[in-house]
Amino acid sequence: MLNLLIKDFKLMFAGKKDLRLKILSWIFTALILAIFVGIEVFVFTSILKKIKNYEGAAISFFTVFLFIISVLMIFTATISAKKLFFNQKDIEQLATYPISNTQKILSKLIFLFGMQYVINLVFTYPLFVAYGSIVTKNSFFYFSALFYPVIAFLFEAGVALVLVYPFKMITDFLRKHLVTQFIITVVGLFAFV
């Protein structure tokens with residue numbers, strides 16, 4: 001099982017770049033992530049401080065903010081699950097080994113859980129800390145917040161695993177039909193403008 005998890009890690013994160021480019025990529029990703037989390041916490045605390053005196057407003061706002069992050073996590077889980085479960089080279093390599101389908105799927109689910117837990121913790125734990133400091137929560141609140149990504153994973157990965165096959169079919173269709181891909185991209189750009 002450990003070998004399967006290591007293989008999945010290499011599948012998701014190993015590239016054919018040289019070491020310097022990998023290090024620069026990781027530093028750039030960490031910097032962008034830190035900036036995003038900083039902005040997220042700033043926006044969250046700014047709004048929370050303004051509405052905390054209204055009854056039930058703080059917890060409602062916190063719940064809505066966590067829901068928005070959950071939607072983003074479903075999107076990332078769907079993309080990650082597509083890469084984990086539908087990588088053709090990975091499927092061909094594993095076909096030659098005496099590994100049961102249960103072991104293959106279980107290793108991918110465990111890896112998906114670990115990856116989603118870390119990402120979810122990075123995005124949500126600072127919000128729990130900010131919420132707890134503004135609303136004045138005890139230390140158990142901060143400890144229990146470490147388990148929020150575990151519970152959220154059940155919902156987020158459940159939805160992502162339902163969506164992963166239709167997502168794969170759509171991306172495969174768009175990859176084969178460049179004109180349709182171009183039209184959808186243009187329409188999407190105009191929709192967000």
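The structure we're discussing is the one just above.
None of the values given here were measured: they were computed from a predicted structure. (Residues numbered from 1 in each chain as written. Predicted model: local features only at pLDDT ≥ 70, side-chain atom pairs only at ≥ 80, totals over all residues. Heavy atoms only, no water.)

Trainee: Looking at this model, I keep getting lost on the overall build of the protein chain. Mind explaining?
Mentor: Check the secondary structure of the protein chain and you find 8 helices and 0 strands. Ordered by position from the N terminus, the helices and strands of the protein chain form the series α-α-α-α-α-α-α-α. Counting all 193 residues of the protein chain, 29% fall into the buried class. For the protein chain, restricting intrachain contacts to residue pairs at least 6 apart in sequence, the fraction spanning at least 24 positions comes to 77%. (Helix = DSSP H or I, 4+ residues; strand = E, 2+ residues; numbered from the N terminus. Buried < 20%, exposed > 50% of the residue type's maximum accessible area, 1.4 Å probe, protein only. Contact = heavy atoms within 4.5 Å.)

Trainee: Would you explain the nonpolar core in this entry?
Mentor: One broad rule of soluble globular proteins: the nonpolar side chains tend to lie buried together. With 18 residues, the main nonpolar core has F44, L48, F62, L127 and Y131 as its most contacted residues. Contributions of two or more residues to this core are made by α2 (19–51), α3 (57–85) and α5 (101–135). Considering every element that reaches this core, the biggest residue donor is α3, with 7 residues. If sequence neighbours within four positions are ignored, Y131 has contacts with F44, L48, A58, I59, F62, T136, K137 and F141. In this structure, F85, F111, M115 and F153 belong to the second largest nonpolar core, which totals 9 residues. (Core = buried A, V, L, I, M, F, W, Y, C linked by side-chain atoms within 4.5 Å.)

Trainee: I tried to follow helix α8 (residues 178–192) on my own but got confused; where do I start?
Mentor: For an α-helix the count is 3.6 residues per turn, leaving residues at separations of three or four pointing the same way. Look at α8: 21 Å from first C-alpha to last across 15 residues, which is about the 21 Å you get at 1.5 Å a residue. The element α8 is barely covered by neighbouring structure, given that only 0 of its 15 residues are classed as buried. (Expected span 1.5 Å × (residues − 1).)

Trainee: Before we go on, may I ask you to explain the environment of Y125 in this structure?
Mentor: Mapped onto the secondary structure, Y125 falls in helix α5. Placed 21 residues apart in sequence, Y125 and L146 show a C-alpha to C-alpha distance of 7.1 Å. Filtering out sequence-adjacent residues up to four positions away, Y125 remains in contact with N120, Y142, A145 and L146.

Trainee: Any chance you could explain the packing of aromatic side chains here in plain terms?
Mentor: One pass over the structure, following the stated rule, counts 16 aromatic pairs. Between the aromatic rings of F44 and F62, the centroid separation amounts to 5.6 Å while the plane-to-plane angle is 50°, which identifies the pairing as tilted. Of this pair, F44 sits in helix α2 while F62 sits in helix α3, placing them 18 residues apart in sequence. What makes F62 buried here is its relative accessible area of 4%. Arranged with centres 5.5 Å apart and planes meeting at 55°, the rings of F61 and F65 form a pair that is tilted. In this pair, F61 and F65 are both assigned in helix α3, 4 residues apart and thus about one turn of the helix distant. For the pair formed by F61 and F65, the shared burial category is buried. One aromatic cluster is present, formed by F44, F61, F62, F65, F128, Y131, F141, Y142 and Y148 through successive ring pairs. Positioned above the aromatic ring of F141, the side-chain terminus of K137 is 5.7 Å from the ring centre. (Phe/Tyr/Trp six-rings, centres within 6.5 Å; stacked < 30°, edge-to-face > 60°. Lys NZ or Arg CZ within 6 Å of the ring centre and 35° of its normal.)

Trainee: Where do I start with a nonpolar patch on the surface in this structure?
Mentor: There is a patch of nonpolar side chains on the surface, built from F28, L31, I32, I35, I39, F42, V43 and I47 and spanning about 760 Å² of accessible area. Positionally, I47 belongs in helix α2. Overall, the relative accessible area of 34% leaves I47 in the partly exposed class. (Patch = residues over 30% accessible without salt bridge, like charges linked within 9 Å, V, L, I, M, F, W, Y side chains within 5 Å. Areas by Shrake-Rupley, 256 points an atom, 1.4 Å probe, with all protein chains shown as cover. Salt bridge = Lys/Arg side-chain N within 4 Å of Asp/Glu carboxyl O.)

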